[in-house]
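Each chain, letter by letter, is given below.
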Amino acid sequence: MSNTVILITGAGGQIGTELVDALRAEYGRDKVIATDLLPLDTDGPFEQLDVTNLERLSDLIQQYKVTQIYHLAALLSSSGEKNINLTWKINFQAYHNILALAVSSGIDKVFFPSTIGIYGTTTPKIETPQNASFVPSTVYGISKLTGEMWGEYYRKRFDLDVRSLRYPGVISYKVLPEGGTTDFAVEIFFAAKKKGHYTSYLKQDTRLPMIYMPDVINATLGLMNADRKQISTSMGYNLTGFSLTPRELHEEIQKHLPEMTIDYAPDARQSIADSWSDTIDDSLARKDWGWQPQYNMSQMTADMLKNL
Ligand code: AKB
């Protein structure tokens with residue numbers, strides 16, 4: 001029987017909520033310790049945790065004999081700009097503590113969610129390669145790029161098994177994302193069902209890479225379950241499902257809900273979106289550990305509308 005015990009920070013977020021269930025299905029209910037700043041209704045072990053509290057984190061690792069940590073707690077690109085110090089503390093400093101604790105406690109594996117937010121205006125926007133010039137435009141991007149680099153450093157210096165993915169905008173129907181620049185791609189579905197109308201905070205032709213939640217889960221488990229020999233980097237792997245604009249997504253939804261309308265009122269998030277990529281080259285993830293998305297925009301749209 002596997003002795004894997006996983007601790008997840010930020011378990012109540014958009015990805016955490018679904019990843020906890022998927023990991024519990026794989027490893028068993030009691031082997032996945034969900035943690036979050038606020039109390040959470042979850043079917044399995046839960047601990048309230050402020051990720052900046054190093055002592056409490058260390059106690060939990062000892063108490064549960066944790067062997068893997070997923071650091072999902074984060075402020076995203078838009079909310080991060082409203083509190084840059086807290087963003088740095090949670091996204092990076094807490095992660096840095098986790099890396100050090102992982103070495104001193106003999107943790108087997110660490111997962112770090114990175115993002116397309118590490119790309120910036122110097123990064124090629126079309127088919128963004130795995131390695132390019134990255135000068136992020138937000139503190140969120142800076143914290144994630146720094147986290148990636150520290151993960152790679154810990155792998156080389158301490159032989160720590162750190163794995164990471166650069167998530168694009170994540171579309172799902174269970175938990176609404178908060179504080180991101182790609183949130184429109186989820187909000188539009190809730191608005192379509194509720195009001196038949198959506199006001200987009202991005203211009204109609206702003207193209208961004210996206211991924212549907214079942215593919216997020218497959219990618220994350222696929223990466224974490226791959227043999228260590230297959231993992232050629234502890235920097236985040238480029239990852240994408242499909243790319244879309246608000247206008248294209250609206251037209252796709254209209255195939256199911258023809259009456260649905262949209263208008264556009266761009267706000268501060270437009271400049272963040274403009275600094276990110278249109279499309280991504282994720283061939284390294286495909287080559288190293290067999291990444292293969294299952295959902296395109298129209299399959300995702302049909303499934304979202306069925307489930308909402
Ligand atoms: C955001 O918009 O900030 C996130 C992301 C792309 O990392 N969804």
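Scroll up to find the structure this text is about.
Residues numbered from 1 in each chain as written. Predicted model: local features only at pLDDT ≥ 70, side-chain atom pairs only at ≥ 80, totals over all residues. Heavy atoms only, no water.

**Q** Now, about the overall build of the chain: what can you tell me, with residues and values included?
**A** Counting secondary structure elements, the chain contains eleven helices and twelve strands. For 308 residues, the compact-globule formula gives about 19 Å, and the C-alpha radius of gyration of the chain, at 19 Å, lands near that figure. For the chain, the proportion of its 308 residues judged to be buried stands at 55%. Taking the intrachain contacts of the chain between residues at least 6 apart in sequence as the baseline, contacts between residues at least 24 apart amount to 77%. Carbon and sulfur atoms provide 51% of the accessible area of the chain, an area that totals close to 12,900 Å². Separation of charge centres in the chain, based on 29 positive and 36 negative side chains, amounts to 3 Å. (Helix = DSSP H or I, 4+ residues; strand = E, 2+ residues; numbered from the N terminus. Rg over C-alpha atoms; globule rule 2.2 N^0.38 Å. Buried < 20%, exposed > 50% of the residue type's maximum accessible area, 1.4 Å probe, protein only. Contact = heavy atoms within 4.5 Å. Areas by Shrake-Rupley, 256 points an atom, 1.4 Å probe, with all protein chains shown as cover. Lys, Arg positive; Asp, Glu negative; His and termini not counted. Charge placed at Lys NZ, Arg CZ, Asp CG, Glu CD.)

**Q** Explain the packing of aromatic side chains to me, and be specific about the residues and the numbers.
**A** Going through the model one piece at a time under the given rule, you end up with 13 aromatic pairs. With a centroid separation of 6.3 Å and an interplanar angle of 55 degrees, the aromatic rings of Phe111 and Tyr167 are classed as tilted. One end of the pair, Phe111, is in strand β5 (residues 109-115); the other, Tyr167, is in strand β6 (residues 161-167), with 56 residues separating them in the sequence. Accessibility classification places Phe111 together with Tyr167 in one group, the buried group. For the cation-ring pair, Arg269 lies above Tyr201, with the distance from its terminal atom to the ring centre recorded as 3.5 Å. (Phe/Tyr/Trp six-rings, centres within 6.5 Å; stacked < 30°, edge-to-face > 60°. Lys NZ or Arg CZ within 6 Å of the ring centre and 35° of its normal.)

**Q** Requested: an account of the side chain of Glu252, with residues and values cited.
**A** Considering the arrangement of structural elements, one finds Glu252 in helix α8 (residues 246-254). With near-sequence residues (within four places) excluded, Glu252 lies in contact with Met297, Ser298 and Thr301.

**Q** Quick rundown of the site of the ligand? Include the residues and the values.
**A** Taken together, the neighbourhood of the ligand is formed by Leu76, Ser77, Thr115, Ile116, Tyr140, Gly180, Thr181, Thr182 and Trp276. Here an oxygen atom of the ligand sits 2.6 Å away from a polar atom, N or O, in the side chain of Thr115. Tyr140 places a side-chain nitrogen or oxygen 2.6 Å from an oxygen atom of the ligand. Relative to its unbound accessible surface of 250 Å², the ligand loses 93% to contact with the protein. (Near = heavy atom within 4 Å. Polar contact = N/O pair within 3.5 Å; in protein donor to acceptor, adjacent residues only side chain to side chain.)

**Q** An account of the pattern of salt bridges is requested, with residue identities and associated values reported.
**A** Per the stated rule, a full pass over the model turns up 18 salt bridges. Close ionic contact of Arg166 with Glu148 constitutes a salt bridge, the shortest N to O distance being 2.9 Å. Remark: Glu148 occurs in helix α5 (residues 139-158) and Arg166 occurs in strand β6; sequence separation between them is 18 residues. Comparing Arg166 with Glu148, the two get one shared label, buried. We note a salt bridge from Lys287 to Asp288, for which the minimum N-O separation is 3.7 Å. Among the residues examined, Asp288 registers a relative accessible area of 10% and is labelled buried. Look at the salt bridges and you will find they share partners, linking Asp159, Asp161, Arg163 and Arg228 into a network. (Salt bridge = Lys/Arg side-chain N within 4 Å of Asp/Glu carboxyl O.)

**Q** A description of the side chain of Thr123 should follow, citing residues and the corresponding values.
**A** Mapped onto the fold, Thr123 is located in the loop between β5 and α5. For Thr123, a relative accessible area of 5% corresponds to the buried category. The contact partners of Thr123, leaving out residues within four places of it in the chain, are Thr128, Ala132, Ser133 and Phe134.

**Q** Can you lay out the sheet that holds strand β7 (residues 169-171) for me, pointing to particular residues and giving the numbers?
**A** The three strands are arranged β7-β9-β11 in an open sheet whose pairing can be described as mixed. Looking at which strands have only one partner, the edges of the open sheet turn out to be β7 and β11 (242-244). Taking each pair of neighbouring strands and ignoring which way they run, the sheet shows an average axis angle of 45 degrees. Bridging between strand β9 (residues 208-212) and β11 involves three bridges; their strand directions are antiparallel. Looking at β11, one finds that Pro209 is bridged to Ser243. (Pairing = 2+ DSSP bridges. Axes fitted to C-alpha atoms, helices over the stretch in contact; angles between N-to-C directions.)

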